[in-house]
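Listed below are the residues making up each chain.
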Amino acid sequence: MGIQIGLNCPACGGSLDMAEGENVVNCKYCSSTLYIEGDAGVTTIAFKNKIQRTVAEQAKDSWFRKGFKARDLPRSAKLLEVYPIYLPFWYSNIRVMGWICGYEERTYSDGKGHTRTERIPKEEMVLQEYRRSEIACDPGDLGIKFLRNMDGESSFEDFEMIPTYEATTSKDDSLDRMKAQALSDARRAANVPHVTFEKVHVMPRSLSMVYYPVWVVRYSYRDRMYIYTIDGVSGQVISGRAPGDPLFQGLAITIGTSVGGLIAAGGLIIASTGTENSAAFGIGGVIVGAIITFGAYLFFRHGSEIIEGDFSDKKYGLGGLGNIGKEIGNMVGGGF
Ligand SMILES: [Zn+2]
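Let us look at the structure shown here.

The rules behind these values
Residues numbered from 1 in each chain as written. Predicted model: local features only at pLDDT ≥ 70, side-chain atom pairs only at ≥ 80, totals over all residues. Helix = DSSP H or I, 4+ residues; strand = E, 2+ residues; numbered from the N terminus. Expected span 1.5 Å × (residues − 1). Core = buried A, V, L, I, M, F, W, Y, C linked by C-beta atoms within 7 Å. Buried ≥ 20, exposed ≤ 12 C-beta atoms within 10 Å, placed from the backbone. Domains from an automatic or database assignment. Contact = placed C-beta atoms within 7 Å.

## Some details on helix α3 (residues 171-190)
Argument step 1. Here α3 spans 28 Å end to end across 20 residues, near enough to the 28 Å set by a 1.5 Å rise per residue.
Argument step 2. Positive phi shows up at Asn191, right after α3, with a value of about 55°.

Shown next as structure tokens:
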């Protein structure tokens, strides 16, 4: 006779039934194999490695060709090491519920220079489940800090075969950080600009240790060492570093500075026509031109390497435009 122990399967969220004293259970919904730890019901789950060495090696063929990586990379890179590891992650399903109240300010103008500001009250109910994860060991140079996937066959079969990184970070500290993230996500979703009252509960519904298989591939290119990692369940590239292509970078700098220069020159021409407002437009053009030129410079100053994944020195990858804006802002603010 199974008893409800108030635990949920980390893979599918289903509730777990198990007999007292048992510590291995198969989820009846997704058939994941789980270990239950005695204290505070932490479940442990391991995903089965699904890919072979050759798949990890072949991933380079598509990944090396993607983006602005050095064009001779598929030909010139030499694979040095290819091996699987299990990485430990803390994983929690966190429920955030409650109320966030406050107001939004809207300013109206009547065209005669009169403005009036109205406060629109907002009462937002929060009821959301967040799945959060955090690596439970020092990831070193792997560029992996979070779980990408919780969908796969769960078994401990490969534990004998694949080296496992031990969990070294504090469970409680990690849970605190995940709870704080869930709360800030919930606040952002509620979107109340001025909060006057907030009553929100942040309740972890499960805490799990997830062991996830990752293939590490180390390679060299022109006597420099690089790395990429492959998801052992999906076969996708998780993270990696690769040399950028000098031609693409050169082209981009040329185009960036040309466009920037043209806009700046256009600005000067407009400014020199001397008609009303032209000076303002002209100065605007010069500034926009300078920003584009400077942006191209910033992007490709760091562009000698193409970086994907959770690397702390990643400055300008996908979504790196915000950082460029920030850097321009800093330099303008710093009075250069
Ligand atoms: Zn399940």
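And the narrative resumes.
## Observations regarding the nonpolar core
Argument step 1. Counting residues in each nonpolar core, the largest one holds 45 residues, and the members touching the most others are Leu87, Phe89, Val210, Tyr212, Val214, Val217 and Ile230.
Argument step 2. Broken down by secondary-structure element, the contributors of at least two residues to this core are β5 (43-46), α1 (53-63), β6 (78-109), β8 (194-221), β9 (224-231), β10 (237-243) and β11 (305-308).
Argument step 3. The element that contributes the greatest number of residues to this core is β8, accounting for 9 residues.
Argument step 4. Both domains that meet at this core, namely domain 1 (3-39) and domain 2 (53-242), each give it at least three residues.
Argument step 5. Beyond its immediate chain neighbours, meaning those up to four positions away, Val210 contacts Pro10, Ile45, Phe89, Tyr91 and Leu147.
Argument step 6. Val96, Ile100, Val126 and Ala190 belong to the second-largest nonpolar core, a separate cluster that totals 9 residues.

## Focus: unusual backbone geometry
Argument step 1. With a phi angle near 45°, Arg222 is a residue other than glycine that sits in the positive phi range.
Argument step 2. Inspection of the secondary structure puts Arg222 in the loop between β8 and β9.
Argument step 3. Of note, the phi angle at Asp223 is positive, near 65°, even though the residue is not glycine.
Argument step 4. Here Asp223 shows up in the loop between β8 and β9.

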